[in-house]
Amino acid sequence: AIDIDLVNTAHGLYGLNTNYRVRVDLIELNPTGGAVLSTTQVHTILTNVLHAEGLTEVGGLLKISYSPSGNVSSRLLGNLDLTGMVSNEIDTAIDLDGLGADDSSNTIYALDRHTNTPFVDFYSLTESPPTASNIGSVSSSFLLTDLVVVGDHLYAIDLDGSQLVVFNLQTNETNTV
């Protein structure tokens, strides 16, 4: 399966191209035409990363949720540099299926899509100390993957693009579009 996550930074438009249990690439994209400008394999100091599901930027740093072994649970959160190197990893103890960030507060948000149940949990993450606080849930039979933060709302898109879930951070209410 292929999963692509996007993030727009001050330095450019980047994406993760994940071929599950085979390879994960950080790709730089032309923001006006979408052409791939560069591709770099994602790795740790010890091994290549074989599974990743989330990409965001906070405080000027790219963040990635991943599993170096190819396990389908992307429990690790780390910094990702433009050479593809992952560092400063923490174990969040949850499957980070999508990441988003609010740069104004340096808050990282995540979603965890539960396998075999129609629920998705939303989390607020802190890195020091590593904590994941559940901030709400939504019943959804769709495969929500990518997450973006706009103001006080989280937007999660379905894998096949047929649904957009909007989670209000102030009221903890969800709507679908």
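Okay, so let's go over this structure. Please read these numbers as outputs of a predicted model, since none were measured by experiment. (Residues numbered from 1 in each chain as written. Predicted model: local features only at pLDDT ≥ 70, side-chain atom pairs only at ≥ 80, totals over all residues. Heavy atoms only, no water.)

### Details of the overall build of the protein
Next up, step 1: The helix and strand tally for the protein stands at zero helices and 16 strands.
Next up, step 2: Relative to its length of 177 residues, the protein is compact, with a C-alpha radius of gyration of 15 Å against a globular reference of 16 Å.
Next up, step 3: The C-alpha extent of the protein, read off along each of the three principal axes, is 40 × 35 × 30 Å.
Next up, step 4: Nonlocal contacts in the protein, meaning residues at least 24 apart in sequence, comprise 34% of its contacts between residues at least 6 apart.
Next up, step 5: With 5 positive and 21 negative side-chain charges, the protein shows a spacing of 10 Å between the two charge centroids. (Helix = DSSP H or I, 4+ residues; strand = E, 2+ residues; numbered from the N terminus. Rg over C-alpha atoms; globule rule 2.2 N^0.38 Å. Contact = heavy atoms within 4.5 Å. Lys, Arg positive; Asp, Glu negative; His and termini not counted. Charge placed at Lys NZ, Arg CZ, Asp CG, Glu CD.)

### Quick look at the layout of surface pockets
Think of a ball as big as a water molecule: rolled over the atoms, this probe shows where empty space is left.
Next up, step 1: Estimated volume of the second largest pocket: approximately 240 Å³.
Next up, step 2: Among the elements of the structure, strand 1 (2-9), strand 5 (51-58), strand 9 (98-102) and strand 13 (144-150) are those that each provide at least two residues to the lining of the second largest pocket.
Next up, step 3: No other element matches strand 13, which puts four residues into the lining of the second largest pocket. (1 Å grid on protein atoms, 1.4 Å probe; cavity = no way out; pocket = protein on both sides within 12 Å on 5 of 7 lines; lining within 4 Å. Points joined across faces, edges and corners; volume = space filled by probe spheres on them.)

### With respect to the pairing of strand 8 (residues 86-91)
Next up, step 1: Relative to strand 8, strand 7 (residues 76-80) runs antiparallel, the two sharing four bridges. Each bridged residue has a counterpart across the sheet, and for Leu76 the counterpart in strand 8 is Asp91.
Next up, step 2: Adjacent in sequence and paired antiparallel, strand 7 and strand 8 are bridged by five residues, among which Gly84 carries a positive phi angle near 95 degrees. (Pairing = 2+ DSSP bridges.)

### Focus: the sheet that holds strand 14 (residues 153-158)
Next up, step 1: Ordered in space as 13-14-15-16, the four strands form an open sheet in which the pairing is antiparallel. What marks the edges here is a single partner per strand, and that holds for strand 13 and strand 16 (174-176). Shown here is a sheet whose adjacent strand axes are inclined to one another by a mean of 20 degrees, direction ignored. (Axes fitted to C-alpha atoms, helices over the stretch in contact; angles between N-to-C directions.)

### Quick notes on the sheet that holds strand 10 (residues 107-113)
Next up, step 1: Pairing in this open sheet of four strands is antiparallel, and the strands run 9-10-11-12 from one edge to the other. Unpaired on one side and paired on the other, strand 9 and strand 12 (130-139) mark the two borders of the sheet. Across the sheet, the axes of successive neighbouring strands diverge by a mean angle of 25 degrees, strand direction being ignored.
Next up, step 2: Relative to strand 10, strand 9 runs antiparallel, the two being bridged by five bridges. Residue pairing for strand 10: Gly100 is matched across the bridge by Tyr109.

### Let's talk about the pattern of salt bridges
Side chains that differ in sign of charge can pair as their charged atoms come close.
Next up, step 1: Scanning the model with the defined rule gives five salt bridges in all.
Next up, step 2: Between Glu127 and Lys63 there is a salt bridge whose closest N-O contact spans 2.8 Å. Residue Glu127 is found in strand 11 (residues 119-127), and its partner Lys63 is found in strand 6 (residues 61-67); the two are separated by 64 residues along the sequence.
Next up, step 3: Given a relative accessible area of 3%, Lys63 falls into the buried group.
Next up, step 4: Asp91 is the partner of Arg75 in a salt bridge, and the nearest nitrogen-oxygen pair spans 3.1 Å. (Salt bridge = Lys/Arg side-chain N within 4 Å of Asp/Glu carboxyl O. Buried < 20%, exposed > 50% of the residue type's maximum accessible area, 1.4 Å probe, protein only.)

So far we have only geometry, and geometry alone does not tell us how the molecule works.
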